[in-house]
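Descriptive analysis of the structure
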Amino acid sequence: MTHAPNDRAPLPTYQKIAKTLSQSDPSGTDLQRNQQKIAQLMAQLNQIVLDKPQAVKLALSGILAGGHLLLQDLPGMGKTTLAQGLAQLLGLSFSRVQFTNDMLPADILGMSIYDQSKLRFEFRPGPIFTQLLLADEINRSSPKTQSALLEAMEERQVTQDGQTYPLPQPFFVIATQNPLQQAGVYPLPESQLDRFLLCLSLGYPSEMAERELLKGQDRRELLKDLDAVLDTEAVLLAQQGVKQVYVADVVLDYLQRLVAKTRASQEYHGLSPRGVLSLQRAAQAYAYVSGHMEVTPEDIQAVFAAVADHRLGQRFTPAQVVGGQAPQTIAQRILADVPVIV
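Residues numbered from 1 in each chain as written. Predicted model: local features only at pLDDT ≥ 70, side-chain atom pairs only at ≥ 80, totals over all residues. Heavy atoms only, no water.

1. A few points about the side chain of Asp73
- By the secondary structure assignment, Asp73 is in the loop between strand E2 (68–72) and helix H4 (79–90).
- Lys79 provides the closest opposite charge to the buried, unpaired Asp73, separated from it by 6.1 Å.
- A distance of 2.6 Å separates a polar atom in the side chain of Asp73 from the backbone nitrogen of Gly203. (Helix = DSSP H or I, 4+ residues; strand = E, 2+ residues; numbered from the N terminus. Buried < 20%, exposed > 50% of the residue type's maximum accessible area, 1.4 Å probe, protein only. Lys, Arg positive; Asp, Glu negative; His and termini not counted. Salt bridge = Lys/Arg side-chain N within 4 Å of Asp/Glu carboxyl O. Polar contact = N/O pair within 3.5 Å; in protein donor to acceptor, adjacent residues only side chain to side chain.)

In structure tokens, the structure reads:
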């Protein structure tokens, strides 16, 4: 059985850009110019996703940190709108997959099909061969289909029939997840949850924002008018900029005290080394998006819940299930217990 290379996926272009940037040392002026574009991007996205500036900032931080994003909330809260807005403003290729309980791994990854004229099998890439994949309602598919994403999310490649196919660079997954209280959903296993750098919930809009939604233009129509602020090269440059954000030892001390607190409880498993690295990377990205090149304790506090809660076993529960007020999460309790000493 032979496989022909995929001629349709523009992987060499992406890889060439990524290789060129990885060998270069971007100047401070380049990074500063990129930060200005990022501020412009957030301003535009906040016009689409109303009243959620912190969620928008965290989502963008996760992307620029090179991580994947899990959005869990009730249907109709704007999760898909946020993902599509990010894709358009970042200038990335975009695919959306609606997950269902009868979906197979090949529906996402692609499959080998026999070409009668060439007398050989050819690999036909699936929708995962894109730069930003929206896995809509990921927990409506079976665990077998969910696990098909694991290699792609971790290794940025797909293996089918013994052949390995690299994914475009950069590659991100934004997945949406419905509450476990709803019918027809499968809980994501811990190994899958750990692949997501950040987990966010948008929640209900404020009364003022909801009034603007009622009187304003449809969000899907506004998405059509968005022009890209960044492009592939700018996103890769921003990822390099994130890695250059300085983390002082005293800030690392605070980070490690938070991590130690997660490991001191019998209620849940503490953060793994991968979780610790994710926390540092997310804080660096948040600092970069905020316009500075040094991590502060406030940056760590801003990303801690989004990085830690889903790794510590925190399950999303809609506010109305607990009497209209969301309870304090595990990460929020830890933040309250660990003092900042600088």
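2. Examining unusual backbone geometry
- Gln169 connects to Pro170 through a cis peptide bond whose omega is -5°.
- Tracing the chain through its elements places Pro170 in the loop between strand E8 (163–166) and strand E9 (172–177).
- Even without being glycine, Asp51 reaches a positive phi, approximately 65°.
- In this fold, Asp51 is placed in the loop between helix H2 (28–48) and helix H3 (53–64).
- Here the phi dihedral of Arg156 falls at roughly 60°; this positive angle occurs in a residue that is not glycine.
- By secondary structure assignment, the location of Arg156 is in the loop between helix H7 (150–155) and strand E7 (157–160).
- A relative accessible area of 25% means that Arg156 is categorised as partly exposed.

3. Some words on helix H12 (residues 249–263)
- Under the 1.5 Å per step criterion, the end-to-end length of H12 is 21 Å for 15 residues, consistent within 8% with the ideal 21 Å.
- Those residues of H12 not exposed but buried are Val251, Tyr254, Leu255, Leu258, Val259 and Thr262. The buried residues of H12 occupy one face: seen down the axis, they fall within an arc of 135°. Relative to its buried face, H12 has exposed residues pointing more than 90 degrees away, namely Asp249 and Gln256.
- Among the structural elements, helix H13 (273–290), helix H14 (297–308) and helix H15 (330–337) are those in contact with the buried residues of H12. (Expected span 1.5 Å × (residues − 1). Arc of directions from axis to C-beta. Contact = heavy atoms within 4.5 Å.)

4. Description of the packing of H12 against H14
- Contact pair H12 / H14: the axes reach a minimum separation of 9 Å and the direction vectors enclose 30°. By the angle class used here, H12 and H14 are roughly parallel. Here H12 and H14 pass one another in a crossing that is right-handed. Mapping the contact onto sequence places Val251, Tyr254, Leu255, Leu258 and Thr262 in H12 and Pro297, Ile300, Gln301 and Phe304 in H14.
- For the contact of H12 with H14, the per-class residue count stands at seven nonpolar, two polar and no charged. (Axes fitted to C-alpha atoms, helices over the stretch in contact; angles between N-to-C directions. Parallel < 35°, antiparallel > 145°, perpendicular 65-115°, else oblique. Left-handed = near helix turned anticlockwise from the far one by under 90°. Nonpolar A, V, L, I, M, F, W, Y, C, P; charged D, E, K, R; others polar.)

5. Description of the nonpolar core
- Ile38, Leu60, Leu82, Leu86, Leu90, Ile174 and Ile300 are the most contacted members of the largest nonpolar core, which totals 73 residues.
- The residues touching Leu90, leaving out its near neighbours within four places in the chain, are Leu41, Leu60, Ile63, Leu230, Asp231, Thr232 and Val235.
- Counting residues in each nonpolar core, the second largest holds 26 residues, with Phe99, Leu109, Tyr165 and Phe171 among its members. (Core = buried A, V, L, I, M, F, W, Y, C linked by side-chain atoms within 4.5 Å.)

6. Some words on the packing of H12 against H15
- Put simply, H12 and H15 touch, their axes get as near as 10 Å, and they point 125° apart. Classified by the interaxial angle, the pair formed by H12 and H15 is oblique. In the crossing of H12 with H15, the sense of the turn from one axis to the other is right-handed. Where H12 approaches H15, its residues Tyr254, Leu258, Lys261 and Thr262 are matched on the opposing element by Ile334, Leu335 and Asp337.
- Class assignment for the residues of the contact of H12 with H15 results in four nonpolar, one polar and two charged.

7. Description of the layout of surface pockets
- The computed volume of the second largest pocket comes to approximately 640 Å³.
- Contributing to the lining of the second largest pocket are 28 residues, with Gly76, Met77, Gly78, Lys79 and Thr81 lying nearest its centre.
- Mapped by element, the contributors of at least two residues to the lining of the second largest pocket are H4, strand E3 (94–98), helix H9 (207–215) and helix H10 (219–224).
- The greatest single-element share of the lining of the second largest pocket, amounting to four residues, is contributed by H4. (1 Å grid on protein atoms, 1.4 Å probe; cavity = no way out; pocket = protein on both sides within 12 Å on 5 of 7 lines; lining within 4 Å. Points joined across faces, edges and corners; volume = space filled by probe spheres on them.)

8. A few points about the environment of Gln314
- Residue position: Gln314 is located in the loop between H14 and H15.
- Taking the relative accessible area as the measure of exposure, Gln314 reaches 24% and is therefore partly exposed.
- Sequence-wise, Gln314 and Ile330 are 16 residues apart; in three dimensions their C-alpha atoms are separated by 6.9 Å.
- Discounting residues that sit within four places of it in the chain, Gln314 has contacts with Asp309, Thr329 and Ile330.

9. A word on the packing of aromatic side chains
- Counted according to the given criterion, the structure contains three aromatic pairs.
- Considering the side-chain rings of Phe123 and Phe129, the 5.8 Å spacing of their centres and the 70° angle between planes classify their relative orientation as edge-to-face. Accessibility assignment for this pair places Phe123 and Phe129 in one class, buried.
- With a centroid separation of 4.1 Å and 10° between ring planes, the pair formed by Phe123 and Tyr165 is classed as stacked. Of this pair, Phe123 sits in strand E5 (residues 120–125) while Tyr165 is found in strand E8, placing the two residues 42 residues apart along the sequence. Neither residue differs from the other here; Phe123 and Tyr165 are each classed as buried.
- Put simply, the rings of Phe123, Phe129 and Tyr165 pair up and form one aromatic cluster. (Phe/Tyr/Trp six-rings, centres within 6.5 Å; stacked < 30°, edge-to-face > 60°.)

Honestly, that's just the spatial picture; any functional story needs more than this.
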